[in-house]
Amino acid sequence: MRRRLKTHDGPVSDHFNGLHFFDPDGSPPRSLREVLRWQFSGGRERAKWPVWAPSPHADTPPERVDGEKVRLSFVGHASWLIQAGGLNILVDPVWSSRVSPVSFAGPKRHNDPGIAFEKLPDIDVVLVSHGHYDHLDMATLSRLAKNFAPRVVTPLGNDVTMRRADATIKVEAFDWHDRVELGGGIAAHLVPTRHWTARGMFDRNKALWASFVLETPAGKIYVVCDSGYGDGRHFRRVAEKHGPLRLAILPIGAYEPRWFMRDQHMNPEDAVKALGDCGAEQALGHHHGTFQLTDEAIDAPAKALVEALDAAKIPQERFVAMKPGQVVEI
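Nothing here was measured: the structure is a model prediction, and the numbers come from that model.

Colleague: Which residues make up the pairing of strand S11 (residues 245-251), and what are the values?
Modeller: For a regular strand, side-chain orientation follows a simple rule: the groups alternate between the two sheet faces. Within S11, 6 of the 7 residues are buried, which leaves the element mostly enclosed by the surrounding structure. As paired elements, strand S10 (residues 219-223) and S11 share 4 bridges and run parallel to each other. If you follow Lys220 over to S11, its bridge partner there is Leu245. Between the parallel elements S10 and S11, the chain passes through helix H4 (residues 233-242) in a crossover that is right-handed. Bridge analysis of S11 against strand S12 (residues 282-286) gives 5 bridges, and the strand direction is parallel. Pairing of Leu250 across the sheet is with Gly285, part of S12.

Next up, the structure:
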């Protein structure tokens, strides 16, 4: 049984013990007992989200973006289309209506994707940060494979998950600190992030998780799809190894209650600290406002980000909470 549940057969390392991955500078995922305490304790305060909260934005991207410009279109939650160097890159693409092991239950979408699937340009590369259902969406990956046959770049072990579900997905798996040439003068570095992963009850941390640093014609872009803050060392190390950074994409949602979420998800105050640690010129906030994964209100992250920036005396325009369909060019 122990062997059958394995998803990666690589050598033991400083973050892989032969069966499980781990972050030497992080913390393990919460126990089932703690999950039940959060979900069913009498004192839980879960904000009610509106059934539908449409974004005022919608994007129809160009076929390609060449030259020294980078175009970033926010699809929603942690999904992005990044266009640069004649390359079209999707990050953690989710077009499904739910992020769940089943199609009839689980967190449901509260707004449409910022780009209709039918309006996507030809997709060359997909980056998938880890295996949680709000980031690794098999229905979307299979649809992309059928329509565009892109390269899929992901941390170790998630390739097994994808191939088991759909053998047509052209997935390549890499370790922390690997550099992957994507084409068009663009490369992706997989960097450690303070998180974890699982698809079910019995595969916790049997695949790896990562953030990405993209080398682009407009400078380096740090894409953090999911992360806790900890003491900030993950962000400072990225600054030391990969700086200077032109842009950071940082999560600002899915953070309440703090006693449960602080080790795996940043709140806006943490995200502002992370911006200071990584030293990026500008930041875009994501991972909020589309799927209700935790207890805060739908608009709480954006409001708290404004307050955190004011408290840190950082101009509001340096760190913007994005809405689906919004576009930024650098």
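Having put the structure on the table, let's press on.
Colleague: Please provide a residue-by-residue account of the pattern of salt bridges, values included.
Modeller: Counted according to the given criterion, the structure contains 20 salt bridges. Its salt-bridge partner being Arg44, residue Asp295 comes within 2.7 Å of it at the nearest N-O pair. Taken together, the residues Asp295 in the loop between S12 and helix H7 (300-311) and Arg44 in the loop between helix H1 (32-40) and strand S1 (70-76) connect sequence positions 251 residues apart. For Arg44, a relative accessible area of 25% gives the class partly exposed.

Colleague: Requested: an account of H4, with residues and values cited.
Modeller: For H4, the complete set of buried residues consists of His234, Phe235, Val238 and His242. Down the axis of H4, the buried set is contained in an arc of 100°. They therefore lie on one face. Against the buried residues of H4 lie strand S8 (186-191), strand S9 (211-216), S10, S11 and helix H6 (268-278).

Cut-offs applied
Position numbers for residues start from 1 in each chain and track the written sequence from start to end. Residue-level local features of this predicted model are given only where pLDDT is at least 70; pairs of side-chain atoms are given and counted only at 80 or more, and the full residue set underlies all totals for whole chains, interfaces and linings. Water and hydrogen atoms play no part in the side-chain values, which are based on all heavy atoms of the structure. Buried means the residue's accessible area, taken with a 1.4 Å probe over protein chains only, is under 20% of the maximum for its type, while exposed means over 50%, and partly exposed covers the values in between. Runs of E in the DSSP output that reach at least two residues are strands. Runs of H or I that reach at least four are helices, and both are numbered from the N terminus. Note on pairing: DSSP must find at least two bridges between two strands before they are called paired. The handedness rule is simple: strands pointing away from the viewer, and a clockwise path from the first strand over the helix to the second, make the crossover right-handed. When a carboxyl oxygen of Asp or Glu lies within 4 Å of a side-chain nitrogen of Lys or Arg, that pair is called a salt bridge. When we speak of the arc, we mean the arc of directions from the helix axis to the C-beta atoms. A contact between two residues is defined here by any heavy atoms of the two lying within 4.5 Å.

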